[in-house]
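Chain by chain, the residues run as shown.
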Amino acid sequence: MFLSKSAGVLTVLTLAVGIVAAQDSIPRYRTFISDTTLPGIDTGIRNNDAPRPPRPSASDLVSRSSGERYLRGSIAVKFRPGTASASQRLMVARVGATTMEAPSYADFQIVTIDAQADPEAAAATLAQQPDVEFAQARYRIHPMFVPNDPLYSQQWNYTTIDMEHAWDLNPGATPSIVVAVLDSGVAYRNAVLRRNVPSWRGPVGFTIATFPALGVVDIPFAAAPDLAGPNRFVAPRDFIWDDADPLDLDGHGTHVAGTIGQLTNNSLGVAGMAFNVRIMPVKVIDSMWDDILGSPFEGTDDVVARGVHYAVDNGAKVLNLSIGRAGPPAPLLQEAIVYATSHGAFVSMAAGNDFEDGNPTQWPAAYAPSIQGAVAVGAIGRDRQRAYYSSTGPYVELVAPGGNQRIGGTTAGILQQTYDFAFVDTFIFGPARYGPPRFDIFSYQFLQGTSMSTPHVSGFAALLMQQGITSPGAIEAAMEQFATDLGAPGVDQQYGYGLINPRASLRGLGLAK
Amino acid sequence: MTRATLVCAAVLLLVSAVPSSAQNAVTMRGFADAGLTVFTATQSFKAVLGSPTGAVFGGGVEVGLTRNVFVSLAASRFKKTGQRVFVFQNQVFKLNVDDTIAVTPLQVSAGYRFRGRRPRRIIPYAGGGIGWYRLTETSEPSTPGDDTKTTHAGFHLLAGIETPIRRWAGAAVDAQWSSVPNSLGESTTSVASLYDEHNLGGFMLRARIIVGR
């Protein structure tokens, strides 16, 4: 390339301004030292692993109240339109607020309160003010993931919903459909992160242990071999690290993304529902490693709400939320989901895995019946019965395969490619075996949960959208009208309208049949 | 069928009421016709095919029992390809799955020509009869059990005018109304069920070329 001297100077200046602008718009809390690493390593299927203990919770930084975890020191509040700034400041002062911030992709404010104050009480006080639309504590969202038990090998889930015939009608949608995965991130690119890993305290089984500092380590990342492809990923965004690198430090989001759009017919690994779509990785929940490495944000209601707004504003037509929580309602999330559906995006939400833990109402899933174009998804096992963990309630609208390893063993889970957890969860067996993680080694894992059933519905929605049903409300109706009724006749609280039937929905109605 | 039987009986009564003096030797003619049909199940056909109307082609034979009374056997065919659909809040979403509808009626009619005492260029006629309506619906791709092939009974009334254009040829234009009750909408995956339209009949205008005396 040949450029004149002035043009070259202009180009350099333009680039410099661009870089400064980019840095201004997205603050960076971490730096990747390389974008080029070796391709990911595939260690094959993990169907003979010993049973794994439940994955530990991601953070010990939150208080406990009403059974749910939330952040100390801040609450989220939305004022009614037109409320003067002075009036806003006066109201938040009543709960001892010190600062108020309007985050990006949000129509609410984050109000900082005293770290010792009870955020739920502060939110309740604020919610009584006439100019406050709602106020709530910043409840933590977690993945709807039931930990893995050992063993298995096939994707029984697709035959259960007759996907082979559905793909005859619509072979995996097209790249024009963008599906946002709001989760722990996605293994979408290669990189090396250099990071100082400090000492920390965390759970090992039922005890708390001190894990030693690892010093400065280079942590490798690789794109999941069976998921990544040319132009596969669009508009990645990380709301946990507040940058544009939503790398998965857990494996949950990568597994979920695989069920939605794993590359198919590529002579490698496993299949995905809508294997031609583009994936938008939006990281809205933090994992253990995010916390260990010092991520500046955590996966709370407000962070997820911002992620929803971001995904919709950047062209996502289907949003997958294999995440949720119990506890008090989440108006922030309700409003975000209404925003999504009213802007033409379909939202699929996990119904929850807490059936055996008192079966509490799950949010944001419980908003599904009141929002056309948003569905709450329960899970069934290979026996087409509700999985033991799958939450029930009037908000469950559909079920999809999520696995039931209690009945079928390891291979009764949902098989997808994600990290080889042996190289990720190095903390799980205590300090003695603790070491730096590797996010470039992959395996095919059987996982179970409504986290796993939800992406079936998201992929299904992408197929329907490609097929010609463009309205989120119509997509939901098409899913429900053709669902295979399970359990008690008609709509019920275990299965909702029933098991998704992609082929029937994609085929729709004929004149006579 | 009760209504069809009644129509048939009425036509036979009409035939038997013809004075014997008016009767001549039995004649036979063939005909071919083309026309336009509008189905009674307007919304259903419009949703799938984009329009409740379409071209119909057919032919048959007609036997003149007397100078005025005739019976005919006619077959016709309507065929059109549209797309399977999903309907939500009155909005029709085309699903990019080709759906071909074919309706093939086989109709037996009896009628009366109003010739009058003096020869006329324009001869009105009217009649009615019963029919069997073959409905096929095929989509692509499909699996066994997806497609529809059914036959339903119905009845029809017709009226038209005929004019001779040669010694052995004539032309006619007629209108026909048919009813094929309970022939649509049984399946829950039918748009006819959604719109509560159950009749495969409709209104048809056609032009006919007749050969024979």
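Bear in mind that the values here come from a model prediction, so they are computed numbers and not experimental data. (Residues numbered from 1 in each chain as written. Chains lettered and ligands numbered in written order. Predicted model: local features only at pLDDT ≥ 70, side-chain atom pairs only at ≥ 80, totals over all residues.)

### Observations concerning the overall build of chain B
A count of helical and extended segments in chain B gives 3 helices and 8 strands. Reading the secondary structure of chain B in the N-to-C direction produces α-β-α-β-β-β-β-β-β-α-β. Looking at chain B as a whole, 34% of its 213 residues qualify as buried. In chain B, 59% of the contacts between residues at least 6 apart in sequence involve partners at least 24 apart. (Helix = DSSP H or I, 4+ residues; strand = E, 2+ residues; numbered from the N terminus. Buried ≥ 20, exposed ≤ 12 C-beta atoms within 10 Å, placed from the backbone. Contact = placed C-beta atoms within 7 Å.)

### A closer look at the overall build of chain A
The helix and strand inventory of chain A stands at 13 helices and 22 strands. Across the 513 residues of chain A, 58% fall into the buried class.

### Quick look at the interface of chain A and chain B
Taken together, the contact between chain A and chain B spans 19 residues of the former and 29 residues of the latter. Broken down by secondary-structure element, the contributors of at least two residues to the side of chain A that touches chain B are α5 (163–169), α12 (472–481) and α13 (502–507) of chain A. The element contributing the most residues to the side of chain A that touches chain B is α12 of chain A, with 4 residues. Split into classes, the residues belonging to the side of chain A that touches chain B amount to 9 nonpolar, 7 polar and 3 charged. (Nonpolar A, V, L, I, M, F, W, Y, C, P; charged D, E, K, R; others polar.)

### Things to note about helix α9 (residues 331–342) of chain A
Residues and elements named next belong to chain A. The first and last C-alpha atoms of α9 sit 16 Å apart over 12 residues, in line with the 16 Å expected at 1.5 Å per residue. Where burial is concerned, most of α9 is hidden: 9 out of the 12 residues are buried. Inspection of α9 places P331, L332, L333, Q334, E335, A336, I337, A340 and T341 among the buried residues, and these make up the whole buried set. (Expected span 1.5 Å × (residues − 1).)

### Notes on α12 of chain A
A large share of α12 of chain A lies buried, amounting to 7 of its 10 residues. Of the positions making up α12 of chain A, those classed as buried are P472, A474, I475, E476, A477, A478 and M479 of chain A.

### Overview of the domain arrangement of chain A
Residue and element names in this part refer to chain A. The assigned domain composition of chain A is domain 1 (63–139) and domain 2 (142–507). Here the C-alpha centre of domain 2 lies 29 Å away from the C-alpha centre of domain 1. Each partner contributes to the interface: domain 1 provides 15 residues, whereas domain 2 provides 16 residues. When residues of the side of domain 1 that touches domain 2 are traced back to their parent elements, those giving at least two are β4 (68–79) and β7 (132–139). Looking at the side of domain 1 that touches domain 2 element by element, the count peaks at 4 residues for β7. (Domains from an automatic or database assignment.)

### Remarks on the nonpolar core
Residues and elements named next belong to chain A. Within the largest apolar cluster, 177 residues are counted, with the highest numbers of intra-cluster contacts made by V179, V181, L182 and L319. It is helix α11 (residues 450–467) that contributes the most residues to this core, 8 residues altogether. Taken together, domain 1 (63–139) and domain 2 (142–507) each give at least three residues to this core, which thus spans both. Filtering out sequence-adjacent residues up to four positions away, V179 remains in contact with I260, G261, A274, V277, I279, M280, A316, V318, N320, S458 and A462. (Core = buried A, V, L, I, M, F, W, Y, C linked by C-beta atoms within 7 Å.)

### What to know about the packing of helix α8 (residues 301–313) of chain A against α9 of chain A
Residue and element names in this part refer to chain A. The N-to-C vectors of α8 and α9 enclose an angle of 5°; their axes lie 9 Å apart at closest approach. Relative to α9, the element α8 is oriented roughly parallel. Along the contact surface, α8 presents D301, D302, V304, A305, V308, H309 and V312, while α9 presents L332, L333, A336, I337, Y339 and A340. (Axes fitted to C-alpha atoms, helices over the stretch in contact; angles between N-to-C directions. Parallel < 35°, antiparallel > 145°, perpendicular 65-115°, else oblique.)

### Looking at the pairing of strand β16 (residues 318–321) of chain A
Successive side chains on a regular strand alternate, one facing one side of the sheet and the next facing the other. Residues and elements named next belong to chain A. The alternating pattern of β16 places V318 and N320 on one face and L319 and L321 on the opposite face, and all of these are buried. Where strand β9 (residues 178–183) and β16 come together, 3 bridges link them in parallel fashion. The residue bridging A180 from the neighbouring strand is L319, located in β16. Pairing analysis gives 4 bridges linking β16 to strand β18 (residues 346–350), with the strands arranged parallel. (Pairing = 2+ DSSP bridges.)

### Some details on the sheet that holds strand β19 (residues 374–380) of chain A
All names here are of chain A. Strand order in the open sheet formed by 7 strands is β14-β15-β9-β16-β18-β19-β20, with parallel pairing between adjacent strands. Edge positions in the open sheet fall to β14 (237–238) and β20 (398–401), since each of these has one partner strand only. Packed on one face of the sheet, helix α6 (residues 252–261) meets β9, β15 (278–283) and β16 and runs near 155° to β9. Contacts between α9 and the sheet are confined to β16, β18 and β19, with β18 contributing the most and set at about 145° to the helix.

### Quick word on the environment of V181 of chain A
Residue and element names in this part refer to chain A. Residue position: V181 is located in strand β9. Considering only alpha carbons, one finds V181 and I279, 98 residues apart in sequence, at a separation of 7.0 Å. If near-sequence neighbours (up to four positions away) are discounted, V181 is found in contact with V186, G253, V256, A257, I260, I279, M280, P281, V282 and N320.

### What about the confidence of the model for chain A?
All names here are of chain A. Chain-level pLDDT for chain A is 86 on average; 87% of the residues reach the 70-or-more range. Here residues 1–24 scores under 50 on pLDDT; set against residues more than four positions off or in separate chains, the count is 3 contacts. In the predicted structure, residues 144–153 sits below a pLDDT of 50 and forms 49 contacts with residues beyond four places in sequence or in another chain. (pLDDT = per-residue confidence, 0-100.)

### Brief notes about the pairing of strand β10 (residues 191–197) of chain A
All names here are of chain A. Direction of pairing for strand β1 (residues 32–34) relative to β10: antiparallel, over a ladder of 2 bridges. When the sheet's bridge partners are listed, F32 is paired in β10 with L193. Where β10 meets strand β13 (residues 215–221), 7 bridges bridge the pair, whose relative direction is antiparallel. Of the residues in β13, the one forming a bridge with A191 is F221.

### Looking at unusual backbone geometry
Backbone torsion omega between W363 of chain A and P364 of chain A reads 5°, so that peptide bond is classified as cis. Residues E140 of chain B and P141 of chain B are joined by a peptide bond in cis, for which omega reads -5°. Inspection of the secondary structure assignment puts P141 of chain B in the loop between β5 (123–140) and β6 (148–164). One non-glycine residue, N96 of chain B, adopts positive backbone phi at about 60°. With respect to the secondary-structure elements, N96 of chain B resides in strand β4 (residues 91–113). Take N96 of chain B: there are 14 C-beta atoms within 10 Å of it, and that puts it in the partly exposed class.

### Digging into the sheet that holds β10 of chain A
Residues and elements named next belong to chain A. Read across the open sheet, the 3 strands follow the order β1-β10-β13; overall the sheet is antiparallel. Two strands lie at the open edges of the sheet, namely β1 and β13, each paired on one side alone. Geometrically, the sheet is characterised by an average inter-axis angle of 35° between neighbouring strands, direction not taken into account.

### Digging into the environment of D425 of chain A
Residue and element names in this part refer to chain A. Along the polypeptide, D425 turns up in the loop between β21 (414–419) and β22 (441–447). Judged by C-beta crowding, with 22 C-beta atoms within 10 Å, D425 ranks as buried. Sequence separation between D425 and G251 is 174 residues, and the spatial gap between their C-alpha atoms is 9.9 Å.

### Section: the confidence of the model for chain B
Close reading of the predicted structure is inappropriate where its pLDDT is low. Residues and elements named next belong to chain B. Looking at chain B as a whole, its pLDDT mean stands at 89, while 89% of the residues score no less than 70. Scored below 50 in pLDDT, residues 11–23 shows 18 contacts in the model against residues more than four places distant or in partner chains. Confidence metrics for the complex model read pTM 0.83 and ipTM 0.86.

### Some remarks on the packing of α6 of chain A against α11 of chain A
Residue and element names in this part refer to chain A. With their axes 8 Å apart at the nearest point, α6 and α11 run at an angle of 35° to one another. Judged by the sense of rotation from one axis to the other, the crossing of α6 with α11 is right-handed. Across from H252, V256, T259, I260 and G261 in α6, the residues of α11 making contact are S451, M452, P455, H456, S458 and G459. Class assignment for the residues of the contact of α6 with α11 results in 4 nonpolar, 7 polar and no charged. (Left-handed = near helix turned anticlockwise from the far one by under 90°.)

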